[in-house]
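Results of the structural survey
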Amino acid sequence: MAYLLGSVDGLFLLEREIDDSIYNISLSLWNPATREVRPLPAANFQLPPFFTQMSSNFGFRLDPITNDYKVVWFRSFWDDDRNHNTPEYAAIYSCSRDYLRVLEPANLVHEFSADVVGTAYLNGTYYWLLCGGLYYFDDCSILSFDFGNEVFADIGGPDVGRAFNHFNVRLVLLGDFIALMTDVVGFVYDIWDSDHEESWISSYRPEESG
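Residues numbered from 1 in each chain as written. Predicted model: local features only at pLDDT ≥ 70, side-chain atom pairs only at ≥ 80, totals over all residues. Heavy atoms only, no water.

The next subject is the overall build of the protein chain. Helix and strand counts for the protein chain come out as zero helices and 17 strands. Counting the 210 residues in the protein chain, one finds 43% classified as buried. Taking all contacts inside the protein chain whose residues are at least 6 apart in sequence as the whole, residues at least 24 apart take part in 41%. As presented, the protein chain carries roughly 11500 Å² of accessible surface, and 51% of it is formed by carbon and sulfur atoms. (Helix = DSSP H or I, 4+ residues; strand = E, 2+ residues; numbered from the N terminus. Buried < 20%, exposed > 50% of the residue type's maximum accessible area, 1.4 Å probe, protein only. Contact = heavy atoms within 4.5 Å. Areas by Shrake-Rupley, 256 points an atom, 1.4 Å probe, with all protein chains shown as cover.)

Following this line, the structure appears as structure tokens:
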């Protein structure tokens, strides 16, 4: 079965599950206008047989610096032998070069695997709002990927003065900024925007706008 992961300028990123193995993901780009389907090269991660996949996340956008469509994805696995999760495995694909580069395993965000609860794209950078932290399961943070430099970064959240978790936080775009909308109570929200350097400003609260 094939799944639609995203689309950019009429190009569609598709995922197909091949079997039940840890190498079960096949990606392709589909252009309905030309009826072309381009399979992406397989990411030959060196995975032991006792790994079990926990999550797989993607980003697909145009790199404004090189004018190249790129696909980035990272996968998390569980080490059945050590009874612990592994560092994430990641890869980046360039459409213009038809080339895939495997990134070295690294802890991209947390010691424990995280679930994506929101995404955004702005000015050449893709963002994932992640749930699952080192100490608390419902902690949130933001993972970013710069398509130009092909580098991941972890962005700490604002000091909201209360629980900062996936039950009350949404990732949104406000002009040229990424922002977090946090649920205070009922239909009352705080909105925090960032200059992408881990500096957050509380910019709006509805009851203060009247």
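Next, the rest of the story.
Attention now moves to the pattern of salt bridges. One side chain can pair with another of opposite charge once the charged atoms of both are near each other. One pass over the full model with this rule turns up three salt bridges. A salt bridge links K70 to D63; the nearest nitrogen and oxygen atoms lie 3.0 Å apart. A relative accessible area of 4% places K70 in the buried class. With relative accessibility at 1%, the residue D63 sits in the buried group. Here R101 makes a salt bridge to E150, at a shortest N to O gap of 2.8 Å. Placement of the pair is R101 in strand β9 (residues 99-106) and E150 in the loop between β12 (140-146) and β13 (151-155), with a sequence separation of 49 residues. When its relative accessible area of 33% is taken as the criterion, R101 is described as partly exposed. Each of D63, K70, R101 and E150 takes part in salt bridges that share partners, so that together they form one network. (Salt bridge = Lys/Arg side-chain N within 4 Å of Asp/Glu carboxyl O.)

Across the seven residues of strand β3 (residues 25-31), five count as buried, placing the element largely inside the fold. Pairing analysis gives six bridges linking strand β2 (residues 11-17) to β3, with the strands arranged antiparallel. By the bridge assignment for β3, R16 is matched with S26. As paired elements, β3 and strand β4 (residues 36-39) share four bridges and run antiparallel to each other. (Pairing = 2+ DSSP bridges.)

As a further point, take the packing of aromatic side chains. Under the counting rule described, the total for this entry stands at eleven aromatic pairs. Pairing Y121 with Y126 gives two aromatic rings, centres 6.5 Å apart and planes at 50°, and the pair type is tilted. Looking at Y126, the relative accessible area reads 9%, which means it is buried. Judged by centre distance (4.9 Å) and plane angle (45°), the ring pair of Y126 and W128 falls under tilted. The pair Y126 / W128 is uniform in exposure class, with both members buried. Put simply, the rings of F74, Y121, Y126, W128, F145, F147 and F152 touch in pairs and so form one group of aromatic residues. (Phe/Tyr/Trp six-rings, centres within 6.5 Å; stacked < 30°, edge-to-face > 60°.)

To continue, consider a nonpolar patch on the surface. Taken together, the side chains of M1, Y3 and L5 make up a nonpolar region of the molecular surface, amounting to roughly 320 Å² of accessible area. Here Y3 is to be found in strand β1 (residues 2-8). A relative accessible area of 35% means that Y3 is categorised as partly exposed. (Patch = residues over 30% accessible without salt bridge, like charges linked within 9 Å, V, L, I, M, F, W, Y side chains within 5 Å.)

Glancing now at the nonpolar core. Counting 21 residues, the largest nonpolar core has L29, L40, F45, F60, V71, W73 and Y93 as its most contacted members. The residues contacting F60, other than those within four sequence positions of it, are G6, S7, V8, L11, L13, L29, Y69, K70, V71, Y126 and F147. Listed in part, the twelve residues of the second largest apolar core include I92, L103, Y126 and F145. (Core = buried A, V, L, I, M, F, W, Y, C linked by side-chain atoms within 4.5 Å.)

So, on to the sheet that holds β1. Strand order in the open sheet made by the four strands is β1-β2-β3-β4, with antiparallel pairing throughout. Looking at the sheet topology across the chains shown, the edges are occupied by β1 and β4. Here the average twist between neighbouring strands, direction ignored, is 25°. Judged from the six bridges that link them, β1 and β2 form a sheet pairing that is antiparallel. By the bridge assignment for β2, V8 is matched with L11. (Axes fitted to C-alpha atoms, helices over the stretch in contact; angles between N-to-C directions.)

Moving on: the environment of L129. Tracing the backbone through its elements, the reader meets L129 in strand β11 (residues 125-131). Through-space distance from the C-alpha of L129 to that of I142 is 4.7 Å; in sequence the pair is 13 residues apart.

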